[in-house]
Amino acid sequence: MPDITVLDIVSVSVGLVGILLAVISLVLHRRRRLEESRPRLSARLSWTAAKDSPNGAIRLDLWNAGRSPVCLKKIQLMWGRENKETRETVSKLGFMPYDPVSAAPLATSSEDPLCECEGRTFMLPPLPPSIMRQALSQPEDRVWVAVESDTGELLRLKADQVLPFLRAYVERAGRTEN
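Residues numbered from 1 in each chain as written. Predicted model: local features only at pLDDT ≥ 70, side-chain atom pairs only at ≥ 80, totals over all residues. Heavy atoms only, no water.

(A) Spatial organisation of the pairing of strand E8 (residues 143-149). Across the seven residues that make up E8, a large majority, seven, are buried. The side-chain alternation of E8 yields two buried faces, one formed by Val143, Val145, Val147 and Ser149 and the other by Trp144, Ala146 and Glu148. When strand E3 (residues 74-79) meets E8, the two strands line up antiparallel, connected through six bridges. When the bridges of E8 are listed, Trp79 appears paired with Val143. In the sheet, E8 pairs with strand E9 (residues 152-157) via five bridges, with the strands oriented antiparallel. (Buried < 20%, exposed > 50% of the residue type's maximum accessible area, 1.4 Å probe, protein only. Helix = DSSP H or I, 4+ residues; strand = E, 2+ residues; numbered from the N terminus. Pairing = 2+ DSSP bridges.)

Here it is, written out as structure tokens:
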């Protein structure tokens, strides 16, 4: 029977700890790479003075904060809820592409994906204030802006970000109506 010394036990222990640390490092590295590869968008709402909108318009700036390209399908202001018994549905208003340089909406939307660190601007079309009042009449958990791709919703701006702009829109439109 071979003699096992303290040095052998320490060597085997250090080797096992080294293998364990290498496996943990590989798992963490793989997890970070997967997280970086998933689509990530950042967004900011603001107010803009568009040529076609005398009272101004709600502007949405989107940019790709991830490493993978993102194909945008729909960007919508949504409010309400689905209820099959009362036949209620979610109301939707689509944002349209906007050129901040010329301060005018674009005629067509680009089908090109947003690459890393690339951004686009969209605006809510000029609408009667009564439509915005419908959205404002909803509880806070039923008003949001959704950004969708072919695979589903990528980003949701909640009511606390959206409602101040809807209120401002109604106030400005109300001042010009009077």
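Read on, since the account is not over.
(B) Inspection of the pattern of salt bridges at higher detail. One pass over the full model with this rule turns up three salt bridges. Here Asp61 makes a salt bridge to Arg44, at a shortest N to O gap of 3.6 Å. With Asp61 in strand E2 (residues 57-64) and Arg44 in strand E1 (residues 41-48), the pair connects residues that are 17 residues apart, well separated along the chain. Taking relative accessible area as the criterion, Asp61 reaches 8% and is therefore assigned buried. Classification of Arg44 as partly exposed rests on a relative accessible area of 47%. One continuous salt-bridge network, built from bridges that share partners, spans Arg44, Arg59 and Asp61. (Salt bridge = Lys/Arg side-chain N within 4 Å of Asp/Glu carboxyl O.)

(C) Main features of the sheet that holds E9. As summarised here, the arrangement of the four strands in space is E4-E3-E8-E9, forming an open sheet in which the pairing is antiparallel. With partners counted over all chains shown, the strands left at the sheet margins are strand E4 (91-94) and E9, one partner each. With direction set aside, neighbouring strand axes in the sheet form an average angle of 30 degrees. Sitting on the sheet, helix H2 (residues 129-136) is in contact with E3, E4 and E8, with an inclination near 70 degrees to E3. (Axes fitted to C-alpha atoms, helices over the stretch in contact; angles between N-to-C directions. Contact = heavy atoms within 4.5 Å.)

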